[in-house]
2 protein chains.
Amino acid sequence: MKETDASSKFALLGMLSICPGSGYDIKKLVQASIGYFWSESYGRIYPVLKELAKKGLIQPERRQGNNGRGRQSYAIKKEGMQDLRQWLEKSPRVEPNRSELLLKMFFSRLAPVEVTSAHILERKAVEERNLASYNRVEEQHRKDHTKNPELSYWLATVSYGRHRSRAIVDWCNETLATLSQIQQQLKERNKK
Amino acid sequence: MKETDASSKFALLGMLSICPGSGYDIKKLVQASIGYFWSESYGRIYPVLKELAKKGLIQPERRQGNNGRGRQSYAIKKEGMQDLRQWLEKSPRVEPNRSELLLKMFFSRLAPVEVTSAHILERKAVEERNLASYNRVEEQHRKDHTKNPELSYWLATVSYGRHRSRAIVDWCNETLATLSQIQQQLKERNKK
DNA sequence: AAATGCATGTAACGCGTTACATGATTTT
DNA sequence: AAAATCATGTAACGCGTTACATGCATTT
């Protein structure tokens with residue numbers, strides 16, 4: 001492991017700033033709370049936690065928890081909080097959004113129309129499932145944290161997800177219409 | 001280089017399926033035509049092109065072009081077209097959309113409100129610039145290719161960009177409003 | 001006792017970026 | 001001739017995923 005200053009580090013620090021926990025806990029928390037725009041894998045979590053501990057940003061704590069289960073837990077330290085705050089000040093990078101769906105779309109003249117439609121239908125289904133899940137996430141957030149502005153920020157991220165998924169679904173519908181037009185044209189051309 | 005079956009390979013094949021060219025040409029073409037949802041770096045382009053040639057998917061051609069400039073050019077072969085078509089049939093993977101902006105947003109209770117607003121304003125500006133550029137891209141596409149369904153597919157990808165950027169700008173506005181409310185509340189709390 | 005699942009971790013690998021190096025061509 | 005920029009490439013590195021390994025706890 002090299003000196004990491006990537007966002008994984010701060011995702012972990014941030015989660016620990018909400019509540020202490022183990023790598024396993026963090027993984028679940030990430031998935032449940034920000035899973036629609038972030039992910040962390042064990043392969044990163046554990047090494048980064050170790051490094052953060054070595055740097056004195058978080059405090060490892062042997063935990064012989066409630067039921068005797070679970071083991072290595074961490075709590076964030078003042079130094080970690082400071083690091084996190086500093087990171088928050090810096091402009092977030094604009095991530096290049098590579099979309100394989102769009103790439104295929106761009107070359108779709110080489111594929112049967114039905115195949116392209118199928119891909120879009122699939123994606124539409126995914127985003128509709130996402131839309132449904134945002135309601136659950138929002139409920140959970142409202143339960144977990146009633147205090148402002150904490151909650152406001154969380155709800156804003158959920159709203160982002162909704163805007164995003166809604167936009168994609170709209171595009172899917174629009175594009176499905178276009179595709180059926182194309183298919184219509186091909187049929188008529190074949191008749192002649 | 002190991003056996004790659006990643007999308008870079010197919011992005012290159014796809015571009016060569018439109019017109020033959022060098023690595024440099026491809027880089028520019030990618031940027032101009034699908035730059036808003038895809039990117040390729042020289043560090044990938046050149047090795048992958050070599051590998052594709054070795055596999056017999058594309059044909060290397062010494063080019064002593066119009067003006068004596070440019071060197072190693074490639075043209076796609078039947079085998080390459082076949083590979084490309086096969087790839088098009090497969091369901092595109094749903095890419096995890098990691099957003100650093102959203103991550104910061106989620107932890108923003110730890111930062112001054114003005115900083116968060118600034119980040120959002122920046123992103124908003126970026127997306128508004130993107131929105132403007134889609135018009136230019138669309139114009140270019142209409143000029144380059146009038147034949148259907150080629151053009152339809154290309155315009156569909158542009159439309160995706162618009163939906164996406166529009167959604168983000170909307171969210172930015174909404175969130176900026178939320179933030180100024182939060183700031184208002186903080187001010188009033190300080191008065192007391 | 002065996003099987004399943006929980007929790008923690010490691011190793012290896014591929015992708016993609018960044019930074020650097022180099023020649024060839026055009027511009028000044 | 002010098003400077004700039006075009007064009008091609010390589011090397012190194014970091015990030016993140018995947019697959020694997022391992023023990024402990026719980027269930028059957």
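Residues numbered from 1 in each chain as written. Chains lettered and ligands numbered in written order. Predicted model: local features only at pLDDT ≥ 70, side-chain atom pairs only at ≥ 80, totals over all residues. Heavy atoms only, no water.

Further remarks concern the interface of chain A and chain B. Each partner contributes to the interface: chain A provides 70 residues, whereas chain B provides 70 residues. Contact between chain A and chain B buries roughly 7300 Å² in total, counting both sides, with carbon and sulfur atoms accounting for 63%. If you look at where chain A meets chain B, you find six salt bridges. With a shortest N-O distance of 3.2 Å, R123(B) and E95(A) are connected by a salt bridge. In this structure, the connection of chain A to chain B is made through 42 residue pairs in polar contact (both at pLDDT 80 or more). Among the elements of the structure, α1 (7–18), α2 (23–34), α4 (78–89), α5 (100–106), α6 (113–144) and α7 (150–191) of chain A are those that each provide at least two residues to the side of chain A that touches chain B. Take the side of chain A that touches chain B: its biggest share by element is 19 residues, from α7(A). Its residues placed into classes, the side of chain A that touches chain B shows 36 nonpolar, 18 polar and 16 charged. (Contact = heavy atoms within 4.5 Å. Buried area = accessible area lost by both parts, 1.4 Å probe. Salt bridge = Lys/Arg side-chain N within 4 Å of Asp/Glu carboxyl O. Polar contact = N/O pair within 3.5 Å; in protein donor to acceptor, adjacent residues only side chain to side chain. Helix = DSSP H or I, 4+ residues; strand = E, 2+ residues; numbered from the N terminus. Nonpolar A, V, L, I, M, F, W, Y, C, P; charged D, E, K, R; others polar.)

Moving on, we get to the sheet that holds strand β3 (residues 72–76) of chain A. All names here are of chain A. Spatially, the three strands line up as an open sheet ordered β1-β3-β2, and their pairing is antiparallel. Each edge of the open sheet is held by one strand with a lone partner, namely β1 (21–22) and β2 (58–62). Direction of pairing for β2 relative to β3: antiparallel, over a ladder of five bridges. Within β3, the residue paired with P60 across the bridge is Y74. (Pairing = 2+ DSSP bridges.)

This next bit is on the domain arrangement of chain A. Residues and elements named next belong to chain A. Under the domain assignment used here, chain A contains domain 1 (3–89) and domain 2 (100–191). Centre-to-centre, using C-alpha coordinates, domain 1 lies 31 Å away from domain 2. Between domain 1 and domain 2, the contact holds five residues from the first and eight residues from the second. In terms of surface lost to domain 2, no three residues of domain 1 exceed I18, Y36 and F37, which account for 81% of the buried area on that side. (Domains from an automatic or database assignment.)

On to the side chain of K124(A). Residues and elements named next belong to chain A. Mapping K124 onto the fold places it in helix α6. E128 provides the closest opposite charge to the buried, unpaired K124, separated from it by 4.2 Å. Filtering out sequence-adjacent residues up to four positions away, K124 remains in contact with V169, C172, N173 and L176. (Buried < 20%, exposed > 50% of the residue type's maximum accessible area, 1.4 Å probe, protein only. Lys, Arg positive; Asp, Glu negative; His and termini not counted.)

This brings us to the environment of Y46(B). Topologically, Y46(B) is positioned in helix α3 (residues 42–54). With residues near it in sequence (within four places) discarded, Y46(B) still touches G23(B) and Y24(B).

So, about the relation of the copies chain A and chain B. Here chain A sits on chain B after a turn of 180 degrees about the axis and a move of 0.0 Å along it, with an RMSD of 0.0 Å. Both copies of the chain, as the preceding transformation shows, are related through a two-fold rotation axis. Most of the interface of chain A is mirrored in chain B, where 100% of its interface residues again form contacts. (Least-squares fit on C-alpha atoms with pLDDT ≥ 70 in both.)

Under the criterion given, the structure shown has three cavities of 30 Å³ or more. Within this model, the largest cavity holds a volume of roughly 90 Å³. What lines the largest cavity is simply Y160(A), H163(A), R164(A), A167(A), I168(A), W171(A), Y160(B), H163(B), R164(B), A167(B), I168(B) and W171(B). Elements that contribute at least two residues to the lining of the largest cavity include exactly α7 of chain A together with α7 (150–191) of chain B. Taken together, the residues that form the lining of the largest cavity break down as eight nonpolar, two polar and two charged. (1 Å grid on protein atoms, 1.4 Å probe; cavity = no way out; pocket = protein on both sides within 12 Å on 5 of 7 lines; lining within 4 Å. Points joined across faces, edges and corners; volume = space filled by probe spheres on them.)

Further remarks concern the pattern of salt bridges. Residues and elements named next belong to chain A. Under the counting rule described, the total for this entry stands at 16 salt bridges over all chains. In this structure, the salt-bridge partner of R142 is E138, at a minimum N-O distance of 2.9 Å. One end of the pair is R142 and the other is E138, both in helix α6 and four residues apart, which spans about a single turn. Look at R142 and you get partly exposed, because its relative accessible area is 39%. Salt-bridge contacts for D170 lead to R166; the nearest nitrogen and oxygen are separated by 3.4 Å. In this pair, D170 and R166 are both assigned in helix α7, four residues apart and thus about one turn of the helix distant.

Here we take up the packing of aromatic side chains. Each aromatic ring pair is specified by the distance between its two centres and by the angle formed by the two planes. Enumeration according to the criterion identifies 16 aromatic pairs over all chains in this entry. Judged by centre distance (5.7 Å) and plane angle (20 degrees), the ring pair of Y42(A) and Y46(A) falls under stacked. Remark: Y46(A) and Y42(A) occur in helix α3 (residues 42–54); sequence separation between them is four residues, near one turn of the helix. Take Y42(A): its relative accessible area is 33%, and that puts it in the partly exposed class. Here the guanidinium or amino end of R98(A) rests over the ring plane of W38(B), the centre of that ring lying 4.1 Å away. Lying over the aromatic face of W87(A), K104(B) brings its terminal NZ or CZ to 4.3 Å of the ring centre. (Phe/Tyr/Trp six-rings, centres within 6.5 Å; stacked < 30°, edge-to-face > 60°. Lys NZ or Arg CZ within 6 Å of the ring centre and 35° of its normal.)

The next thing to look at is the packing of helix α1 (residues 7–18) of chain B against helix α4 (residues 78–89) of chain B. Residue and element names in this part refer to chain B. Two elements in contact, α1 and α4, have axes separated by 10 Å at closest approach and are oriented at 120 degrees. By the angle class used here, α1 and α4 are oblique. Seen from above, α1 lies across α4 with left-handed handedness. Contacts between α1 and α4 involve K9, F10, L13, G14 and S17 on the former and, on the latter, G80, M81, D83, L84 and W87. Taken together, the residues of the contact of α1 with α4 break down into five nonpolar, three polar and two charged. (Axes fitted to C-alpha atoms, helices over the stretch in contact; angles between N-to-C directions. Parallel < 35°, antiparallel > 145°, perpendicular 65-115°, else oblique. Left-handed = near helix turned anticlockwise from the far one by under 90°.)

Its location among the elements puts S8(B) in helix α1. For S8(B), a relative accessible area of 4% gives the class buried. Leaving out residues up to four positions away in the same chain, S8(B) has contacts with R98(A), W38(B), E40(B) and R44(B).

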